[in-house]
Amino acid sequence: METKEIIDALQMKRSLIRISHEIIEHNRGVEDIVLIGIKTRGEILARRLADIICNVEDVSVPCFALDVSHWRDDREKPYPMPMESLPVKDKKVILVDDVLFKGRTVRAAMDAIMHYGRAREIQLAVLVDRGHRELPIRADYIGKNIPSSLREVIRVRVSEIDGNDGVSISK
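Residues numbered from 1 in each chain as written. Predicted model: local features only at pLDDT ≥ 70, side-chain atom pairs only at ≥ 80, totals over all residues. Heavy atoms only, no water.

Caption draft 1: Examining the sheet that holds strand β7 (residues 153–157) more closely. In space, the three strands of this open sheet follow the order β1-β8-β7, with antiparallel pairing throughout. At either margin of the open sheet sits one strand with a lone partner, and together these are β1 (3–7) and β7. In this sheet, neighbouring strand axes are inclined to one another by 30 degrees on average, regardless of whether the strands run parallel or antiparallel. In this sheet, strand β8 (residues 166–170) lies alongside β7 in antiparallel orientation, the contact comprising five bridges. Paired with Arg155 across the strands is Ser168, a residue of β8. Strand contacts of helix α1 (residues 9–26): β1, β7 and β8, with the helix running at about 35 degrees to β1, the strand carrying the most contacts. (Pairing = 2+ DSSP bridges. Helix = DSSP H or I, 4+ residues; strand = E, 2+ residues; numbered from the N terminus. Axes fitted to C-alpha atoms, helices over the stretch in contact; angles between N-to-C directions. Contact = heavy atoms within 4.5 Å.)

Caption draft 2: Focus on the UniProt feature "short sequence motif: PRPP-binding" (unreviewed entry) in the protein. The UniProt record marks residues 93–105 with the feature "short sequence motif: PRPP-binding" (unreviewed entry), using the residue numbering of this structure. Overall, residues 93–105 shows 15% helix and 62% strand. The separation of its end C-alpha atoms is 16 Å. (UniProt positions renumbered as here; feature names shortened; annotations may be inferred.)

Caption draft 3: Structural context of the pattern of salt bridges. Inspection of the entire model under this criterion finds 14 salt bridges. A salt bridge links Asp165 to Arg48; the shortest N-O distance between them is 2.9 Å. Separated by 117 residues along the polypeptide, Asp165 in the loop between α4 (159–162) and β8 and Arg48 in helix α2 (residues 41–57) bring together distant segments of the chain. Here the two residues Asp165 and Arg48 agree in accessibility, since each one is buried. Where Arg133 meets Asp129, a salt bridge forms, and the shortest distance between an N and an O atom there is 2.8 Å. Owing to a relative accessible area of 28%, Arg133 belongs among the partly exposed residues under this scheme. Looking at Asp129, the relative accessible area reads 9%, which means it is buried. Where salt bridges share partners, they join Asp32, Lys91 and Arg120 into one cluster. (Salt bridge = Lys/Arg side-chain N within 4 Å of Asp/Glu carboxyl O. Buried < 20%, exposed > 50% of the residue type's maximum accessible area, 1.4 Å probe, protein only.)

Given below as structure tokens:
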């Protein structure tokens, strides 16, 4: 299987900085914003975005992790309901994930957010948008659009888990 590096650590950092600035600009600041990262790599990216936003705005933005397993529609037997609670009522939720593909994980995440309360707004930030949607979902903030075939695999690496940062595509 041939693997090609498509985003290196520096490009990833630059993308996250740009996304952070776009979030701040689009929302005219960070008042009432909550970052929610889809486990596992989306959680790490959300924390990084929160750190960048804090450095720029000098304000801490709440950041949480979300396990969407219970709300997935591709499981025969649902996972147990998570015990955590997310403070989303009347907040602008910035949902963060590593790769946007078919849209099913994001749909599950939106169902989970609605379970915890009615958010004022839900926005989506992704590091990679690879296309091939099965649902009418689009990202508000995108690190990089990477056209791909259905056979290709896109893998995001983060130093906290994988030892280094980057994105690769395998054919």
